[in-house]
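Residue-level structural notes
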Amino acid sequence: NVWIISLHRQALKTTGVEDANNIFGGDHNSVIRKGVTSPTDVFCSVPGRLSLLSSTSKYKVTVGEVQRRLSPPECLNASLLGGVLRRAKSKNGGKCLREKLEKIGLNLPAGRRKAANVTLLTSLVEGEAIHLARDFGYVCETEFPSRQVAEFLSRNHSDPTEMYRRKELLLASKQTLKEFSDLLNQDRSPLCNTRPQSILDPNIQRHLTHFSLITHGFGSPAVVAALTAVQNFLTESLKYIEKQLNNYQTPSAVHVSAAGNGVDTKKEDKK
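Let us look at the structure shown here.

Definitions and cut-offs
Residues numbered from 1 in each chain as written. Predicted model: local features only at pLDDT ≥ 70, side-chain atom pairs only at ≥ 80, totals over all residues. Heavy atoms only, no water. Helix = DSSP H or I, 4+ residues; strand = E, 2+ residues; numbered from the N terminus. Buried < 20%, exposed > 50% of the residue type's maximum accessible area, 1.4 Å probe, protein only. Contact = heavy atoms within 4.5 Å. Areas by Shrake-Rupley, 256 points an atom, 1.4 Å probe, with all protein chains shown as cover. Salt bridge = Lys/Arg side-chain N within 4 Å of Asp/Glu carboxyl O. Phe/Tyr/Trp six-rings, centres within 6.5 Å; stacked < 30°, edge-to-face > 60°. Lys NZ or Arg CZ within 6 Å of the ring centre and 35° of its normal.

1. Here's the deal with the overall build of the protein chain
Secondary structure summary: the protein chain contains eleven helices and two strands in total. Along the protein chain, helices (α) and strands (β) appear in the sequence α-α-β-β-α-α-α-α-α-α-α-α-α when read from the amino end. The 271 residues of the protein chain split such that 38% are buried. Restricting the contact set of the protein chain to residue pairs at least 6 apart, pairs at least 24 apart contribute 74%. Within the structure as shown, the protein chain displays about 15700 Å² of accessible surface, and the carbon and sulfur contribution to it stands at 54%.

2. Some words on the pattern of salt bridges
What the rule picks out here adds up to eight salt bridges. Where Glu-151 meets Arg-147, a salt bridge forms, and the shortest distance between an N and an O atom there is 3.6 Å. Taken together, the positions of Glu-151 and Arg-147, both in helix α7 (residues 146–154) and four residues apart, correspond to about one turn of that helix. Judged by its relative accessible area of 32%, Glu-151 falls in the partly exposed class. You can call Arg-147 partly exposed: its relative accessible area is 42%. A salt bridge links Lys-167 to Glu-242; the shortest N-O distance between them is 2.3 Å.

3. Quick notes on the packing of aromatic side chains
In total, this model carries zero aromatic pairs according to the counting rule given. Between Lys-100 and the ring centre of Phe-43, over which it is positioned, the NZ or CZ distance is 4.7 Å.

Encoded structure:
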């Protein structure tokens, strides 16, 4: 989780994108001609879609990001790419965009069809998607009512045997979610100016890369943020159960201690 957060902070401060051609097949490589321009060059800047009017952010879009939007899995056409880049609609808007892309070595064929379904995330550039993921992670960590939800769901379990069983389930759940989070934190999908060395098996990394490309960097960090909230809930649930079990054990412990000291507990009670 720390690695993902640091990666996103770096991405928000920089605009470079390293070439990721070797991840994809021929369809991706046909979009850009090597040697014409660098993926780290800034193509344009676009205003954020999610900012308040009083604090509108602008995000720099690199050639590398445009390259990814034109390549699988999205394969955006001129109309959708123009919308993402906030280009004003005009009679020859698509033609002008294709000409500008052609000048920097990007090929956008006329009449091409998009390959992926359009979602709200499609409208976001990588910088804003990363910003959204970072803010979502912060809110999940600081504002999700983990303790309150844990206590609410645990209050109906009062039998000690049932509580011990629930404790085992919670511990098993925490371990399983940790394995899941650890895997996502090892995701080394290319993003903005980063192209980290892959450490996962290529058979799983390519699927994580696909998810990252579809969500423009929002996906895995958002899932990790949600898992963090769930982990906090599980931790608070364990605390609540431990407290309840201690309350059950304390009277027994006092009785045994008193009996061992030869104290007549009935007489003590009468007193």
